[in-house]
Amino acid sequence: MIEQVWPLEVSQCENGETDLLVLSTDGGPPEQRKILTWLPCGAGLRPGDPSIVRRTLPDDAVIVDVAAVPGRSGAQLVLVGASGIRLESLIGDEPARDLEIPGGLPLAPRPWQIGRVEIVADWNATGRPSALVPSLRGGWLVDLESGEARELEMPIYASYMTHMPFLPATVWKWMIQEVSWPTLARADDNGDGRLDLFALSRWAIWIYHAGPDGLPNEPSRRLDFVPFDEDMERRHQATVNNYFARDIDGDARADLLLSTIGGGMMDGRSSTRIHVNSGAGVSLDAKPAALRETEGGFSGFLFADIDGDGGEEILEMTMEFGIVQIVRILVTRRAETRMRVLALDPESPDGTRSLFETDFSFRLDFSESTISGMIPSLGDWNGDGVLDLYIARNDEEIGFRLGSKAKDEPLFGKLKGTQRVPLPNGQGRVADLNGDGLDEIVAFSDADTETPLVVMQNLGRLPGTRPELRSTEP
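A few points on the structure.

Cut-offs and rules
- Residues numbered from 1 in each chain as written.
- Predicted model: local features only at pLDDT ≥ 70, side-chain atom pairs only at ≥ 80, totals over all residues.
- Heavy atoms only, no water.
- Salt bridge = Lys/Arg side-chain N within 4 Å of Asp/Glu carboxyl O.
- Helix = DSSP H or I, 4+ residues; strand = E, 2+ residues; numbered from the N terminus.
- Buried < 20%, exposed > 50% of the residue type's maximum accessible area, 1.4 Å probe, protein only.
- 1 Å grid on protein atoms, 1.4 Å probe; cavity = no way out; pocket = protein on both sides within 12 Å on 5 of 7 lines; lining within 4 Å.
- Points joined across faces, edges and corners; volume = space filled by probe spheres on them.
- Nonpolar A, V, L, I, M, F, W, Y, C, P; charged D, E, K, R; others polar.
- Patch = residues over 30% accessible without salt bridge, like charges linked within 9 Å, V, L, I, M, F, W, Y side chains within 5 Å.
- Areas by Shrake-Rupley, 256 points an atom, 1.4 Å probe, with all protein chains shown as cover.
- Pairing = 2+ DSSP bridges.
- Phe/Tyr/Trp six-rings, centres within 6.5 Å; stacked < 30°, edge-to-face > 60°.
- Lys NZ or Arg CZ within 6 Å of the ring centre and 35° of its normal.

## Things to note about the pattern of salt bridges
Applying the stated criterion to the full structure yields 26 salt bridges. Notably, a salt bridge pairs R292 with D350, separated by 2.9 Å at the nearest N-O pair. Taken together, the residues span a long stretch of sequence, with R292 in strand β23 (residues 290-295) and D350 in the loop between β26 (334-344) and β27 (352-365) at a distance of 58 residues. Under the relative-accessibility criterion, D350 is labelled partly exposed at 26%. D345 is paired through a salt bridge with R353; the nearest N and O atoms lie 3.5 Å apart.

In structure tokens:
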């Protein structure tokens, strides 16, 4: 079963080629095998390439990363478990290195699945990658050459269920603990040109300002936020909160988008607040620059530079519920979803202006409890620097709508081509695997152990593709 697929850029690939990392599992707990397959520098388009690396991960590995590490050559496999960090070379025979963490890490054995987490990054904003791994108070920031570790305090919360062998609430375990670490984001909060660290948790947002020597051990600023009222918090299992620190208004400073979802299918409500950075650091005290609310449905958000101007647009995906949607699902087995591309606009009533919107539907397979067809995704299919869109046409076909930044044209035009995808359902990752300026699609499903990983090479046949990029392959 394929669990995750990640396009990477961890080594000096020629011509802009991209690495590919595939994480998969074989068998079931407690003896489930966790497998990593690394396809370096365009090898994703060369089946059977001898440079492809496949390894069975150790049982004590909880999370993994693949990255370039100071002092070591080539791409490195970063394994994180209870004892600390282990670095293994994916190229050559460089010996492995273990970095122990004082007191160990709160990472119990993981019998199910495996996941990649960005452990290695330029967290200190000094140009040198370091590792950030979870601790019970926040995270250990580890120098990958010296092994020196220091702890950053973060807003960490946990929920607990304890032994209760009586109806109607029956818990037969001694204790069940679910720890929630914050969302991490890197953006410039104070306008000094360095990327600061944001730790965004349910009730608190802590910001660490990077200086000449890196990040401080304690937050430079703390923002409190109350996402739900008391009654909704009593039913916190029926709520979701997603917070983002991004440059939304294009001034190179971090803004905040705070999205909350609560309720059920018939009384769901989404609320999204956008707070822009006035120059001295983003604040939650002032009135938000934008407030979007959805009654009877749920909204989620993505960010992408669609028109290639260097600034990101906001992509909002909304699924409305209520009687009409419920009847539609029961009669047609399809659920309607609306996608909007938004920009901040102080003249609009809710503070945002819709640049584009379209509806598409997912077919629901009640017998398998799955969504049929491919989940829509963005990529540059014709190499013109503007993102395009693909959407599911049916269970085994996607259609391409090309992007445009011309004022007299819609952001995504009419359907310009289709592609068969031999998967009944799934999702895709998009990357330029061979460095020709055209994005490829890596499609997969984690719902069926017999479903293959499908890599689709872009042959440059869509309108607008420069003639020299068109493949001569049939």
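So that's the structure; there's more coming.
## Section: the layout of surface pockets
By volume, the second largest pocket is sized at about 630 Å³. Around the second largest pocket sit 24 residues that line it, and S159, E178, S180, R202 and H236 are the ones nearest its centre. Among the secondary structure elements, those contributing two or more residues to the lining of the second largest pocket are β14 (157-165), β15 (170-180) and β20 (239-246). Taken together, the residues of the lining of the second largest pocket sort by class into 11 nonpolar, 10 polar and 3 charged.

## Side note on a nonpolar patch on the surface
There is a patch of nonpolar side chains on the surface, built from Y160, W174 and M175 and spanning about 460 Å² of accessible area. Overall, the relative accessible area of 48% leaves M175 in the partly exposed class.

## Quick word on the sheet that holds strand β13 (residues 149-153)
The strand order across the open sheet built from 4 strands is β10-β11-β12-β13, with neighbouring strands paired in antiparallel fashion. The strands lining the two open edges of the sheet, one partner per strand, are β10 (120-121) and β13. With 5 bridges joining them, strand β12 (residues 138-142) and β13 adopt antiparallel strand pairing. By the bridge assignment for β13, G138 is matched with E153.

## Points about the packing of aromatic side chains
Tallied over the entire structure, the rule returns 7 aromatic pairs. Measuring from ring centre to ring centre gives 5.0 Å for Y157 and W203, while their planes differ by 90 degrees; the resulting arrangement is edge-to-face. Taken together, the residues span a long stretch of sequence, with Y157 in strand β14 and W203 in the loop between β17 (196-200) and β18 (204-208) at a distance of 46 residues. Residue W203 is classed as partly exposed on the basis of its relative accessible area, which comes to 35%. Here the aromatic rings of F244 and F303 are separated by 5.1 Å at their centres, their planes lie at 65 degrees, and the arrangement is edge-to-face. Of this pair, F244 sits in strand β20 while F303 is found in strand β24 (residues 297-304), placing the two residues 59 residues apart along the sequence. Here the aromatic residues W381, Y390 and F400 are joined through ring pairs into a cluster of three or more. A cation over a ring is seen here: R116 above W6, with NZ or CZ 5.4 Å from the ring centre.

Take it as geometry only, folks, not as evidence of what the structure does.
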